[in-house]
Amino acid sequence: MEFFTHKTNIDFMAQRKWAFIFSLSILIFSVSSLVFNGLNLGLDFTGGLQIQASYASSPDFNQIREQLEHAGLDAVTQSYGSSKDVMIRLKLDKNLTQQQMTDKVLKALAGAKLQRVEMIGAQVGKTLVTNGILAVIMALLGTMIYIAFRFEYRFALSAAISLIHDPMLILGLFSFFHVEFDLIGLAALLTVIGYSLNDTIVVYDRARENFRKIRKASAAEIINLSVNQTLSRTIMISGLTFSVITALFIFGGQVLHGFSLAMMIGIVIGTYSSIYIAGSLALIFGLDRRHLMPSEKKVVDSMP
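Residues numbered from 1 in each chain as written. Predicted model: local features only at pLDDT ≥ 70, side-chain atom pairs only at ≥ 80, totals over all residues. Heavy atoms only, no water.

### Looking at the side chain of serine 196
Turning to step 1, where the next piece is worked out: Mapping serine 196 onto the fold places it in helix α7 (residues 183-213).
Turning to step 2, where the next piece is worked out: For serine 196, a relative accessible area of 0% corresponds to the buried category.
Turning to step 3, where the next piece is worked out: Looking at serine 196, its side chain comes within polar contact range of the side chain of aspartate 166, at 2.7 Å. (Helix = DSSP H or I, 4+ residues; strand = E, 2+ residues; numbered from the N terminus. Buried < 20%, exposed > 50% of the residue type's maximum accessible area, 1.4 Å probe, protein only. Polar contact = N/O pair within 3.5 Å; in protein donor to acceptor, adjacent residues only side chain to side chain.)

Printed below as a string of structure tokens:
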């Protein structure tokens, strides 16, 4: 099943100048927002109070959220364990002790029975932030090493830069719109890196094949041809994935809101970067046919 035939001849590389201007603009926007606004970090990173409670029957989570909001509590609620159990996470109030906050939650939730109360310290949050940054860096380094061995180091550098480009935009939008960023959002960020990498690898693999099959075309023409040949696959997979994530965004509830939003942004920008950015960067780094051709072995004739 295809949306485009292999005979499309869209000159993507001719637009790379405008693509770079657009990408540079959104990167500047993202960095500026992160510097001036910062990230609205969730309880996983900042620390807070985690309360586990149970009901006699399966509770209505929308009603629980309304009750907590009416009590003036900014909390995240989710199911855990059985269908009768609920986990409530909320930021600490400087004017209230841990016991007072727990009593306030139980007073707001009529019929809830307290099971457990845990304090998530700020030090734990700092450790999670550090580990999250290390996870992203390790993912990028692993990607570069794989592509350098599998293809060519110019492809590796291009892919790494385009992969930095994608999560930076997501973080910038989260910062600008003050969307809460937690561990689920971090999971989405790493998922986007893998998703965007997959599209980029498909284009690079087709480019390597075309470099070896078509001897008279320039490097820009080969990249263009490769992107056009994989365009139907890219649009089809991105469109289907986006539709699924959109359904998750609408019906998944508050807990998955950050994850689905980050994925929706990542799918769009990842598709754009795999088409316009990854191949264009390889050309800027001087990619040529000889870099992808198999090395010739010298045969020395033995003299009798």
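The discussion continues.
### Remarks on the pattern of salt bridges
Turning to step 1, where the next piece is worked out: A complete count under the given rule lists four salt bridges for this structure.
Turning to step 2, where the next piece is worked out: Notably, a salt bridge pairs arginine 116 with glutamate 118, separated by 2.6 Å at the nearest N-O pair.
Turning to step 3, where the next piece is worked out: Residue class for arginine 116 comes out partly exposed when judged on its relative accessible area of 44%.
Turning to step 4, where the next piece is worked out: When its relative accessible area of 28% is taken as the criterion, glutamate 118 is described as partly exposed.
Turning to step 5, where the next piece is worked out: In this structure, the salt-bridge partner of aspartate 205 is arginine 208, at a minimum N-O distance of 2.9 Å. Here aspartate 205 and its partner arginine 208 are both found in helix α7, three residues apart, which amounts to about one turn of the helix. (Salt bridge = Lys/Arg side-chain N within 4 Å of Asp/Glu carboxyl O.)

### Focus: the packing of aromatic side chains
Turning to step 1, where the next piece is worked out: This model, assessed by the stated rule, comprises seven aromatic pairs.
Turning to step 2, where the next piece is worked out: Relative to tyrosine 204, the ring of phenylalanine 155 lies with its centre 4.0 Å away and its plane at 20°, an arrangement referred to as stacked. Of this pair, phenylalanine 155 sits in helix α6 (residues 153-176) while tyrosine 204 sits in helix α7; the two residues are 49 residues apart in sequence, bridging distant segments of the chain.
Turning to step 3, where the next piece is worked out: Here phenylalanine 155 falls in the buried class, since its relative accessible area comes to 0%.
Turning to step 4, where the next piece is worked out: Positioned over the ring face of tryptophan 18 is lysine 17, at 5.7 Å from the centre of the ring. (Phe/Tyr/Trp six-rings, centres within 6.5 Å; stacked < 30°, edge-to-face > 60°. Lys NZ or Arg CZ within 6 Å of the ring centre and 35° of its normal.)

### Examining the packing of α7 against helix α8 (residues 219-229)
Turning to step 1, where the next piece is worked out: One way to put it is that α7 packs onto α8 with a least axis distance of 8 Å and a crossing angle of 130°. In terms of axis orientation, α7 runs oblique to α8. In this structure, the crossing between α7 and α8 has a hand that is right-handed. Contacts from Val203, Arg206, Ala207, Asn210 and Phe211 in α7 reach Ala219, Ile222, Ile223, Leu225, Ser226, Val227 and Gln229 in α8.
Turning to step 2, where the next piece is worked out: A class-by-class count of the residues in the contact of α7 with α8 yields eight nonpolar, three polar and one charged. (Axes fitted to C-alpha atoms, helices over the stretch in contact; angles between N-to-C directions. Parallel < 35°, antiparallel > 145°, perpendicular 65-115°, else oblique. Left-handed = near helix turned anticlockwise from the far one by under 90°. Contact = heavy atoms within 4.5 Å. Nonpolar A, V, L, I, M, F, W, Y, C, P; charged D, E, K, R; others polar.)

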